Amino acid sequence: RDITLLRDDRIPPTVTFGAISGVVLRGDGTSPAADVPVIAYYKRDSQPGVECKATDADPTECALAVVNTDANGAFTFAKLASGKFRLETFDQLTL
């Protein structure tokens, strides 16, 4: 049998990155929420080349990163893959 070799000229996707920052406030809308987790959920397939292992619980997104707020309630995700995100936080003191 003859073997034919094919050339693969596809260019792999270039993943871009960005940052997200903000401030978390308590329910009164003015007091900062210090030392609470902020979770960044990445929307699956919102950028080619970014792997998002979906779970049975939610096949459309995955937790990509988590940070805690500082004393002023501020948080920063310094380097996240660009795409669509949902941020979630909760106050551990009230659980």
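The preceding data block contains the structure.
**Student:** What exactly am I supposed to notice about unusual backbone geometry here?
**Tutor:** A negative phi holds for most residues other than glycine; trans holds for most peptide bonds. Of note, Asp 35 is a non-glycine position whose phi angle comes to about 55°, a positive value. Note that Asp 35 resides in the loop between β1 (17–23) and β2 (37–43). Using a relative accessible area of 48% as the deciding quantity, one classes Asp 35 as partly exposed. With a phi angle near 65°, Asp 45 is a residue other than glycine that sits in the positive phi range. Along the polypeptide, Asp 45 turns up in the loop between β2 and β3 (61–68).

**Student:** It is not clear to me how the packing of aromatic side chains should be interpreted in this structure. Could you clarify?
**Tutor:** Each aromatic ring pair is specified by the distance between its two centres and by the angle formed by the two planes. Across all of its chains, the model carries two aromatic pairs by this definition. An angle of 65° between the planes, with centres 5.4 Å apart, marks the rings of Tyr 42 and Phe 85 as edge-to-face. One end of the pair, Tyr 42, is in strand β2; the other, Phe 85, is in strand β5 (residues 85–89), and 43 residues separate them in sequence. Under the relative-accessibility criterion, Tyr 42 is labelled buried at 0%. Centroid distance Phe 75 to Phe 77: 5.9 Å. Interplanar angle 70°. Geometry classified as edge-to-face. Accessibility classification places Phe 75 together with Phe 77 in one group, the buried group. We note Lys 79 situated over the ring of Phe 17; from NZ or CZ to the ring centre the distance is 4.7 Å. Note that Arg 86 overlies the ring of Tyr 41, its terminal NZ or CZ placed 4.3 Å from the centroid.

**Student:** I keep staring at the nonpolar core and nothing clicks. Help me out?
**Tutor:** Nonpolar side chains tend toward joint burial in soluble globular proteins. The biggest cluster of nonpolar side chains holds eight residues, and these are Val 24, Ala 33, Val 36, Val 38, Ala 40, Phe 75, Phe 77 and Leu 80. Here this core takes three residues from strand β4 (residues 74–81), the largest share from any one element. Beyond its immediate chain neighbours, meaning those up to four positions away, Ala 40 contacts Cys 62, Ala 63, Leu 64, Ala 65, Phe 77, Leu 80, Phe 85, Arg 86 and Leu 87.

What counts as what
Residues numbered from 1 in each chain as written. Predicted model: local features only at pLDDT ≥ 70, side-chain atom pairs only at ≥ 80, totals over all residues. Heavy atoms only, no water. Helix = DSSP H or I, 4+ residues; strand = E, 2+ residues; numbered from the N terminus. Buried < 20%, exposed > 50% of the residue type's maximum accessible area, 1.4 Å probe, protein only. Phe/Tyr/Trp six-rings, centres within 6.5 Å; stacked < 30°, edge-to-face > 60°. Lys NZ or Arg CZ within 6 Å of the ring centre and 35° of its normal. Core = buried A, V, L, I, M, F, W, Y, C linked by side-chain atoms within 4.5 Å. Contact = heavy atoms within 4.5 Å.

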